[in-house]
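# Examining the three-dimensional arrangement
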Amino acid sequence: MRSVEEQQARVSAAAVAPRPVRVAIAEAQGLMCAEEVVAERPMPAFDQAAIDGYAVRSVDVLGADAIGDSSDERGDVSDAPITLPVLGTIEAGARTPTRLQPKLATRIQTGAPMPTLADAVLPLRWTDGGNSRVRVLRAVRPGDYVRRVGDDVQPGDVAVRAGTVVGAAQVGLLAAVGRDRVLVHPRPRLSVLAVGGELVDVNRTPGNGQVYDVDSYALAAAGRDAGAEVNRVGIVSSEPTKLREVVEGQLNRAEVVVVAGGVGGAAADAVRAALSGLGELEVSRIAMHPGSVQGFGQLGPEGVPTFLLPTNPVSALVVFEVMIRPLIRLSLGKREPMRRMVRARTLGPISSMPGRKGYLRGQLMRDEQTDEYLVQVLGGSGGTSSHLLATLAEANCLVVVPEEVEQIDSGEMVDVAFLAQRG
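Residues numbered from 1 in each chain as written. Predicted model: local features only at pLDDT ≥ 70, side-chain atom pairs only at ≥ 80, totals over all residues. Heavy atoms only, no water.

This structure, assessed with the given rule, holds 16 salt bridges. With a shortest N-O distance of 3.6 Å, Asp213 and Arg232 are connected by a salt bridge. With Asp213 in the loop between strand S15 (211-212) and helix H3 (215-226) and Arg232 in strand S16 (residues 229-236), this pair connects stretches of sequence that are 19 residues apart. Note that Asp225 and Arg325 form a salt bridge whose closest N and O atoms lie 3.8 Å from each other. Taken as a pair, Asp225 in helix H3 and Arg325 in helix H6 (residues 313-331) lie far apart in primary sequence, 100 residues in all. Residue class for Arg325 comes out buried when judged on its relative accessible area of 9%. Residues joined by salt bridges that share partners form a network here, namely Asp225, Glu321, Arg325 and Arg339. (Salt bridge = Lys/Arg side-chain N within 4 Å of Asp/Glu carboxyl O. Helix = DSSP H or I, 4+ residues; strand = E, 2+ residues; numbered from the N terminus. Buried < 20%, exposed > 50% of the residue type's maximum accessible area, 1.4 Å probe, protein only.)

See the structure below:
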């Protein structure tokens, strides 16, 4: 029986990131940048007002109050305010250059270009808001409330680094430096198939001895959650020629292939026989529960990682979580492919199968007074009720029990892996 860590190492060694592609920045969110995006122009590209107010020469308002620090509360209101004539308004987007003469002010909007000779913006709240003349109640220093050329980014600066996950801020920065497309690591393509004569799709009514195809839907959703581009093939005939044809087609279009219902029993033997000509698939027992029996190999000319998973949806999802999700995250270029782990105190006793690493469904919570994590195992432990999908839907974590541990008492500390947050 192979250990979980040994199987994870075999699987991870097969990770191959898809070749980087150039996409529109609106489509890059959530993907990893595959290039150093260097700014060609400064940002901002011109001196601009950082606030609505009046563009002034700071020397013209020196007597308005005592110069203190640059906070909004600095200085005292003057006993003898200065007044300046106001010449028009400079709006955001104005393209005609203007020049500010001494002892004058110009109304200016946030983001508007500063007139020549003006070196500060006087905030509206430090004035009487006049249109033809403005009373200056507080002074400003040179550079106050002005965004200078290149304050944010200088030409030659790296705006977005390779290896950065593109989020909202990165999309905004790419737009700010004038990039409409960016090179990214694309989502690995995952194909999910289900085999089994007892399966029917959810749009049909099961007959005697038939069950809905749960696996392909659940595993496809897990693949999307992991970051893959998913093709849910659905139910596929286990007839050897047909099955091989479908799988071979998916090997040509996917970086990962998952076949649910491909391990255990005579039907699984037929599946493995049908796929044997495409490469080596090894079905083995892994020291974990649920999902100890699982298959893995690399099929087709490109050696595509291919998994055979149990029919039991809970077991299939746990194997996906432990083995396949990290592979997808590695293919995305993630440095930390595993779920975040925390230590939590158990709210009840836990039993686990001897000799197997347990991945037990649980609800993780936090004590409001002590701030420590608490966890409650759901649906029994030690492998009991491992078929109950409803308890997995209620779980927000997996309690990880070492293979040498059979019993954990209430109040002991355990390792817990966060699952995706709901809501």
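On we go from here.
This next bit is on the sheet that holds strand S9 (residues 133-136). Ordered by their spatial adjacency, five strands build an open sheet running S8-S5-S7-S6-S9, and the pairing between neighbours is mixed. Looking at strand neighbours, the two that pair on one side only are strand S8 (120-123) and S9, the edges of this open sheet. Averaged over neighbouring strand pairs, the angle between their axes works out to 45 degrees when direction is ignored. Where strand S6 (residues 82-90) meets S9, four bridges bridge the pair, whose relative direction is antiparallel. Following the sheet pairing, Thr83 is matched in S9 by Arg135. (Pairing = 2+ DSSP bridges. Axes fitted to C-alpha atoms, helices over the stretch in contact; angles between N-to-C directions.)

Within this structure, the stated rule accounts for three aromatic pairs. Geometrically, the ring pair formed by Tyr373 and Phe418 is edge-to-face, given 5.9 Å between the ring centres and 75 degrees between the ring planes. Within this pair, whereas Tyr373 is found in strand S25 (residues 373-377), its partner Phe418 is found in strand S28 (residues 413-418), the two being separated by 45 residues in sequence. Each member of the pair Tyr373 and Phe418 is classed as buried. In this structure, Arg232 packs its charged tip against the face of Tyr217, placed 3.8 Å from the ring centre. The lysine or arginine in question, Arg366, covers the ring of Tyr373, its NZ or CZ lying 4.1 Å from the ring centre. (Phe/Tyr/Trp six-rings, centres within 6.5 Å; stacked < 30°, edge-to-face > 60°. Lys NZ or Arg CZ within 6 Å of the ring centre and 35° of its normal.)

A few words on the packing of H3 against H6. Following both chains from N to C, one finds H3 and H6 inclined at 30 degrees, their axes separated by 10 Å at the closest point. Compared by their axis directions, H3 and H6 come out roughly parallel. Where H3 crosses over H6, the handedness of that crossing is right-handed. Contacts between H3 and H6 involve Asp215, Ala218, Leu219, Ala222, Gly223, Asp225 and Ala226 from the former and Pro313, Ala316, Leu317, Phe320, Arg325, Ile328 and Arg329 from the latter. A per-class count over the contact of H3 with H6 returns nine nonpolar, one polar and four charged. (Parallel < 35°, antiparallel > 145°, perpendicular 65-115°, else oblique. Left-handed = near helix turned anticlockwise from the far one by under 90°. Contact = heavy atoms within 4.5 Å. Nonpolar A, V, L, I, M, F, W, Y, C, P; charged D, E, K, R; others polar.)

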